[in-house]
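So you can see what is in the structure, the chains are spelled out below.
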Amino acid sequence: LEPGTPSRQASLIVDPPDGRFPPLTPEGRQRSAAITARRANPRSLADRTLYPRCVTRGLVGSVLPMVTDSGNEILQAPGYVVIRHEMIHETRIIPLGGRPFPSSAIRQYMGVSRGQWDGDSLVVETRNLAGDLGVNMNGSGVPTLSPRTVLTERFTRRSADVLSYRLTVNDPGTWVSPWTLEFPWRRDASHTIFAMPRFPLFAVRY
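Every value quoted in this text rests on a predicted model; they were computed, and no experiment measured them. (Residues numbered from 1 in each chain as written. Predicted model: local features only at pLDDT ≥ 70, side-chain atom pairs only at ≥ 80, totals over all residues. Heavy atoms only, no water.)

Chemist: Give me the environment of Ser 190: which residues, what numbers.
Modeler: Counting through the fold element by element, Ser 190 comes out in the loop between β9 (179-187) and β10 (202-205). Using a relative accessible area of 62% as the deciding quantity, one classes Ser 190 as exposed. Placed 175 residues apart in sequence, Ser 190 and Asp 15 show a C-alpha to C-alpha distance of 33 Å. Separated by 2.6 Å, the side chains of Ser 190 and Asp 188 make a polar contact. (Helix = DSSP H or I, 4+ residues; strand = E, 2+ residues; numbered from the N terminus. Buried < 20%, exposed > 50% of the residue type's maximum accessible area, 1.4 Å probe, protein only. Polar contact = N/O pair within 3.5 Å; in protein donor to acceptor, adjacent residues only side chain to side chain.)

Written as structure tokens, this is what we have:
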């Protein structure tokens, strides 16, 4: 287990300023109600959430801290940034330099990401999400993200051992306005991603 040191941050959501989700759209309410009903009376594995089936936590779920396996590892290579999330061992390969997004017909559980530098910050935009993925720490909450979601992450190094992680969720199919969460990733050179080989990468933990 990884209890860490509490940050005393009242809410991960920093926009809206009250720390709460914006209201749901009518489409978001309808989709969430249908998914909740389906999960309450599943007829097949497809009606179960993806996390207990060890498929994925989705992008939002993968970055949120939980009680165990909350490590993240970042690697830079020419033209790419690679981010490995410990829980379910997702690996995101993010091209840099303005590569266009593929057709919206190509959808993935972690979406399709493209990155660029904005001064000292790495900005990563992700589209083309697939699946009934929510925004809680195991990716199975309701409401779930719609296919129109655009996720924008901003990684900013604040010190030798701290990255500021900021994520804006823009999903007009679910919420009436975008919302943003933010919290620090803290470097832990002693951390090893569970059940995976050790690499000399920049390891961060919440």
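Now, onward.
Chemist: Requested: an account of the side chain of Arg 92, with residues and values cited.
Modeler: Structurally, Arg 92 is set in strand β4 (residues 90-95). By relative accessible area, which is 4% here, Arg 92 ends up buried. A polar atom in the side chain of Arg 92 sits 2.5 Å from the side chain of Glu 153. If near-sequence neighbours (up to four positions away) are discounted, Arg 92 is found in contact with Leu 59, Val 81, Val 82, Ile 83, His 85, Met 110, Ser 113, Val 124, Thr 126 and Glu 153. (Contact = heavy atoms within 4.5 Å.)

Chemist: Could you give me a rundown of the nonpolar core, with the residues and numbers involved?
Modeler: In summary, soluble globular proteins display a tendency toward joint burial of nonpolar side chains. Formed by 26 residues in total, the largest nonpolar core has its most connected members in Tyr 165 and Trp 185. Elements that contribute at least two residues to this core include exactly α2 (58-63), β3 (80-85), β6 (121-127), β7 (150-159), β8 (162-170) and β9. (Core = buried A, V, L, I, M, F, W, Y, C linked by side-chain atoms within 4.5 Å.)

Chemist: An account of the pattern of salt bridges is needed here, citing residue identities and associated values.
Modeler: With the rule as written, the count across this model stands at nine salt bridges. Linking Asp 47 and Arg 38 is a salt bridge whose minimum nitrogen-to-oxygen distance equals 3.0 Å. By relative accessible area, which is 12% here, Asp 47 ends up buried. Note that Arg 127 and Glu 125 form a salt bridge whose closest N and O atoms lie 2.5 Å from each other. Taking the relative accessible area as the measure of exposure, Arg 127 reaches 35% and is therefore partly exposed. Of the residues examined, Glu 125 reaches a relative accessible area of 24% and is grouped as partly exposed. Among the ionic contacts, a cluster of salt bridges with common partners joins Glu 27, Arg 31 and Arg 148. (Salt bridge = Lys/Arg side-chain N within 4 Å of Asp/Glu carboxyl O.)

Chemist: Tell me what's going on with unusual backbone geometry, and back it up with residues and numbers.
Modeler: A cis amide bond links Asp 15 with the next residue in sequence, Pro 16, at an omega value of 10 degrees. Unusually for a residue other than glycine, Cys 54 sits at a positive phi of about 60 degrees. Looking at the secondary structure, you find Cys 54 in the loop between α1 (26-40) and α2. Among the residues examined, Cys 54 registers a relative accessible area of 60% and is labelled exposed. For His 89, which is not glycine, the phi dihedral falls at a positive 55 degrees. As for its placement among the helices and strands, His 89 is situated in the loop between β3 and β4.

Functional significance is not addressed by these values, which are geometric in nature.
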